[in-house]
Amino acid sequence: MRDEEKLRAYFTGAPSDVCLEDIDLARIPRHVSFIMDGNGRWAQARGMARSKGHVAGVDSLREAVTTSVRLGIDVLSAYAFSTENWRRSHEEVDLLMHLFAKTLIHEMPLFHQENVRLVFLGDISSLPRQTYDVFCQGLDETRDHDGMTFALAVNYGSRAEIARAARNIAMEVASGTLEADAIDESVIAGHLYTQGLPDPELLVRTSGELRLSNYLLWQLAYTEIFVTDVLWPDFSKWDYLRAIRAFQARNRRFGGVDTA
Ligand code: IPE
Ligand code: IPE
Ligand code: MG
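What you are looking at is a predicted structure, and each value in this text was computed from that prediction instead of being measured. (Residues numbered from 1 in each chain as written. Chains lettered and ligands numbered in written order. Predicted model: local features only at pLDDT ≥ 70, side-chain atom pairs only at ≥ 80, totals over all residues. Heavy atoms only, no water.)

**Observations regarding the nonpolar core**
Link 1 in the chain: The biggest cluster of nonpolar side chains holds 52 residues, and the ones touching the most others in it are Phe34, Leu71, Phe150 and Tyr240.
Link 2 in the chain: Once you skip the residues sitting within four places of it in the chain, Leu71 turns out to touch Arg2, Leu7, Phe11, Leu20, Leu25, Ile28, Tyr240, Leu241 and Ile244.
Link 3 in the chain: If you look at the next biggest cluster of nonpolar residues, it comprises 14 residues, including Tyr79, Val119, Leu203 and Tyr215. (Core = buried A, V, L, I, M, F, W, Y, C linked by side-chain atoms within 4.5 Å. Buried < 20%, exposed > 50% of the residue type's maximum accessible area, 1.4 Å probe, protein only. Contact = heavy atoms within 4.5 Å.)

**Here's the deal with the sheet that holds strand E1 (residues 31-35)**
Link 1 in the chain: With respect to topology, six strands assemble into an open sheet ordered E3-E4-E2-E1-E5-E6, the strand pairing being parallel. For this open sheet the edge positions go to strand E3 (117-121) and strand E6 (224-227), each flanked by a neighbour on one side alone. Each adjacent strand pair in this sheet contributes to an overall mean axis angle of 20°, direction not counted.
Link 2 in the chain: Relative to strand E4 (residues 149-156), strand E2 (residues 75-82) is paired through seven bridges, and the arrangement is parallel. Bridging across to E4, Tyr79 finds its partner in Ala153.
Link 3 in the chain: Contacts from helix H4 (residues 90-113) reach E2, E3 and E4 within the one sheet, and its direction differs from that of E2 by about 160°.
Link 4 in the chain: Of the strands in this sheet, E3 and E4 touch helix H5 (residues 129-142), which is tilted by about 140° from E3. (Pairing = 2+ DSSP bridges. Helix = DSSP H or I, 4+ residues; strand = E, 2+ residues; numbered from the N terminus. Axes fitted to C-alpha atoms, helices over the stretch in contact; angles between N-to-C directions.)

**As for the pattern of salt bridges**
Link 1 in the chain: Considering all chains together, one arrives at 24 salt bridges under this definition.
Link 2 in the chain: For the salt bridge of Arg8 with Glu4, the shortest nitrogen-to-oxygen distance reads 3.1 Å. With Arg8 and Glu4 both in helix H1 (residues 4-10), this residue pair falls four residues apart, about one helical turn.
Link 3 in the chain: Classification of Arg8 by relative accessible area gives partly exposed; the value is 39%.
Link 4 in the chain: Arg252 is the salt-bridge partner of Glu201, the closest N and O atoms lying 3.9 Å from each other. Here Glu201, found in the loop between helix H7 (185-189) and strand E5 (202-205), pairs with Arg252, found in the segment after helix H8 (237-248); they are 51 residues apart in sequence, far enough to count as distant.
Link 5 in the chain: Here the salt bridges share partners, and the residues they tie into one network are Asp37, Arg41, Arg205, Glu209 and Arg211. (Salt bridge = Lys/Arg side-chain N within 4 Å of Asp/Glu carboxyl O.)

**What to know about the pairing of E4**
Link 1 in the chain: Most of E4 sits out of view: eight of its eight residues are buried.
Link 2 in the chain: As judged from the five bridges shared by E3 and E4, these two strands associate in the parallel manner. Residue Val119 lies in a different strand from E4, and its bridge partner there is Ala151.

**Description of the site of ligand 2**
Link 1 in the chain: Around ligand 2, the neighbouring residues are Ile35, Met36, Asp37, Tyr79, Ala80, Phe81, Asn85, Arg88, Arg205, Arg211 and Ser213.
Link 2 in the chain: Between ligand 2 and Asp37 there is a distance of 3.2 Å, counted from an oxygen atom to a side-chain nitrogen or oxygen.
Link 3 in the chain: One nitrogen or oxygen atom from the side chain of Arg205 is found 3.4 Å from an oxygen atom belonging to ligand 2.
Link 4 in the chain: A total of 390 Å² of accessible area belongs to ligand 2 in isolation, and the protein chains cover 79% of it.
Link 5 in the chain: Ranked by residues supplied to the shell around ligand 2, first place goes to E2 with three residues.
Link 6 in the chain: Split by residue class, the shell around ligand 2 holds five nonpolar, two polar and four charged. (Near = heavy atom within 4 Å. Polar contact = N/O pair within 3.5 Å; in protein donor to acceptor, adjacent residues only side chain to side chain. Areas by Shrake-Rupley, 256 points an atom, 1.4 Å probe, with all protein chains shown as cover. Nonpolar A, V, L, I, M, F, W, Y, C, P; charged D, E, K, R; others polar.)

Laid out in structure tokens, this is it:
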């Protein structure tokens, strides 16, 4: 539930080009998803190690969580680590895994305070033990929260997700609990990591790359895509408003024709 008073207080001091009044609060997207990209470039531009960019990116993610709660968004999802990101140096992967665990522990009070339920997209069981344990604890502690759902994609790859769904569906057919004829779009959606969540209405990718990088290929079928050159550590609540304003100016046809 949106708290109008907190919302207005949160968005005071707007820059000249965007403000809360630009947004139609009756048409806030239910599910907003982020490909949080550009941490490395942000750090390199400052002559710092890539790791500093990841650390700075945590602040942007915390702000995106708070902004989402204030706006009354139902589901926020964010791509933190892909199945392809294991190709990075051992040092970088190690740092990210530690950072995920440390951040989650540190942010638990925020999730409690804001009534945020945490879920993970991806195979978290093959993460380093400490990270996995912290993630499980986060799931447990927030299971009953009924405010916003925050879905963090870690060790997530859309093709792996679809292959896993196909495997699980095949096993149900083989065991006789599912008829092959009954496999439709909702059965497939129900076997993805995002089961039970609405599809994203808005996808934001930072740092200017025009690709999906194996993210939510099924779920993004009709999602509006907003790409900004802003690097993730610089992404602010004002950039978030700019993305929603652009989303609200789009004409979503879903394959039909304009009726207006
Ligand atoms: C996104 O930033 C964070 C992760 C993929 C973990 P990058 O680390 O990809 O930053 P760039 O794209 O190299 O600048
Ligand atoms: C996508 O960013 C994955 C995450 C943001 C976690 P990448 O930086 O890995 O994507 P590519 O390699 O530029 O496609
Ligand atoms: Mg990148």
